Amino acid sequence: MPKVHLRPPQADDEDTFLALVRASRSLHAGWVKPPATAEQFSAYLARSHQAEMACFLVTDPSSGALCGVINLSNIMRGAFRSAYMGYYGFAPMAGQGYMRAGVKAVVRKAFGNLGLHRLEANIQPGNVASIALVRACGFMLEGYSPRYLKIGGRWRDHERWARVSDLR
């Protein structure tokens, strides 16, 4: 598995990020709608600074290349200490293990620095690669949610995959 570096998105990532989104259209089609315009990227950056969000760019430490994105959203504190995890890789680096390494690193960060107890990833049943990714990172299937999330103008069914911290 390759080594990765996690860092927050920054304004100067815009051109590279948007070019990678364009290059990854077929990889993302039907699964996710990442920011694809300057306005959408700006809104993503603004959301990334909110207290209930933690956004990470997965990069190759040797080249600095952007490999993908992992976002923790709806972070809840208190007794729940939970978040939703969304992610997508970029086509030039797909299938090389960067996202697996990135998810594992985000899980460590979530259960460590962020003090969370539970992460949930909601995945469309046909997204075999994404299901394999979370399964390899220790997530367990918890259930099925019909018409759970609207993507590309359609309500889509999702499986709920979750992982809880090993700490008591």
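Note that the coordinates shown come from a computational prediction; the quantities given were computed from them, not determined experimentally.

(A) Summary view of the side chain of Gln124. With respect to the secondary-structure elements, Gln124 resides in the loop between β5 (118–123) and α5 (128–136). Within the local environment of Gln124, its side chain forms a polar contact with the backbone oxygen of Gly30, the two atoms lying 2.9 Å apart. Excluding its chain neighbours within four sequence positions, the residues that come into contact with Gln124 are Gly30, Trp31, Ile131, Ile151, Arg156, Asp157 and His158.

(B) Seen up close, the nonpolar core. Grouped together as the largest cluster of nonpolar side chains are 30 residues, with contacts concentrated most on Leu72, Met85, Tyr87, Leu119 and Phe139. Secondary-structure elements contributing two or more residues to this core are β2 (54–59), β3 (66–76), β4 (82–89), α4 (98–111), β5 and α5. The dominant element in this core, judged by the number of residues it contributes, is α4, at eight residues. Those residues in contact with Leu72 that sit more than four places away from it in its chain are Glu52, Met53, Ala54, Phe56, Ala83, Tyr84, Met85, Val106, Ala110, Leu114, Leu116 and Leu119. Membership of the second largest hydrophobic core comes to 14 residues, among which are Val21, Phe41, Leu57 and Tyr88.

(C) How the structure looks around the environment of Ile151. Structurally, the position occupied by Ile151 is in strand β6 (residues 140–151). Residues Ile151 and Leu114 lie 37 residues apart in sequence; the distance between their C-alpha atoms is 28 Å. In this view, Ile151 contacts Gly30, Trp31, Val32, Lys33, Gln124, Arg156 and His158; residues no more than four positions away in its chain are not counted.

(D) Representation of the pairing of β3 in the model. Extensive coverage of β3 is indicated by the burial of eight of its 11 residues. Once β2 ends, the chain turns through six residues before running back antiparallel as β3, passing Gly64 with a positive phi of about 80 degrees. Sheet analysis places β3 next to β4, joined by seven bridges and oriented antiparallel. Looking at β4, one finds that Gly68 is bridged to Gly89. Counted along the chain from β3 to the antiparallel partner β4, the turn is five residues long, and its residue Gly78 has a positive phi close to 75 degrees.

(E) Up close: the pattern of salt bridges. A full pass over the atoms with the stated rule returns three salt bridges. Ionic pairing is found between Arg7 and Asp13, a salt bridge with its closest N-O pair at 2.6 Å. Its relative accessible area of 7% is what places Asp13 among the buried residues. Measuring nitrogen to oxygen at the nearest pair gives 2.8 Å for the salt bridge that ties Arg118 to Glu120. On the basis of relative accessible area, Arg118 is assigned to the buried category, the value being 15%. It is possible to trace a salt-bridge network through shared partners that takes in Arg118, Glu120 and Glu142.

(F) Quick peek at the layout of surface pockets. Roughly 1400 Å³ of internal volume is contained in the largest pocket. As for the largest pocket, its lining consists of 46 residues, of which Trp31, Val32, Gly86, Tyr87 and Tyr88 are closest to the centre. Looking at the lining of the largest pocket, the elements with two or more residues in it are α2 (25–28), α3 (38–48), β3, β4, α4, β5, α5 and β6. The element contributing the most residues to the lining of the largest pocket is β4, with six residues. Tallied by class, the residues present in the lining of the largest pocket amount to 24 nonpolar, 16 polar and six charged. The volume enclosed by the second largest pocket comes to roughly 210 Å³. Taken together, Val21, Arg22, Arg25, His28, Ala29, Gly30, Val32, Lys33, Pro34, Ala36 and Gln40 form the lining of the second largest pocket.

(G) Inspection of α3 at higher detail. Those residues of α3 not exposed but buried are Phe41, Tyr44, Leu45 and Ser48. One side of α3 holds all its buried residues, which, seen down the axis, span an arc of 100 degrees.

Conventions used here
- Residues numbered from 1 in each chain as written.
- Predicted model: local features only at pLDDT ≥ 70, side-chain atom pairs only at ≥ 80, totals over all residues.
- Heavy atoms only, no water.
- Helix = DSSP H or I, 4+ residues; strand = E, 2+ residues; numbered from the N terminus.
- Polar contact = N/O pair within 3.5 Å; in protein donor to acceptor, adjacent residues only side chain to side chain.
- Contact = heavy atoms within 4.5 Å.
- Core = buried A, V, L, I, M, F, W, Y, C linked by side-chain atoms within 4.5 Å.
- Buried < 20%, exposed > 50% of the residue type's maximum accessible area, 1.4 Å probe, protein only.
- Pairing = 2+ DSSP bridges.
- Salt bridge = Lys/Arg side-chain N within 4 Å of Asp/Glu carboxyl O.
- 1 Å grid on protein atoms, 1.4 Å probe; cavity = no way out; pocket = protein on both sides within 12 Å on 5 of 7 lines; lining within 4 Å.
- Points joined across faces, edges and corners; volume = space filled by probe spheres on them.
- Nonpolar A, V, L, I, M, F, W, Y, C, P; charged D, E, K, R; others polar.
- Arc of directions from axis to C-beta.

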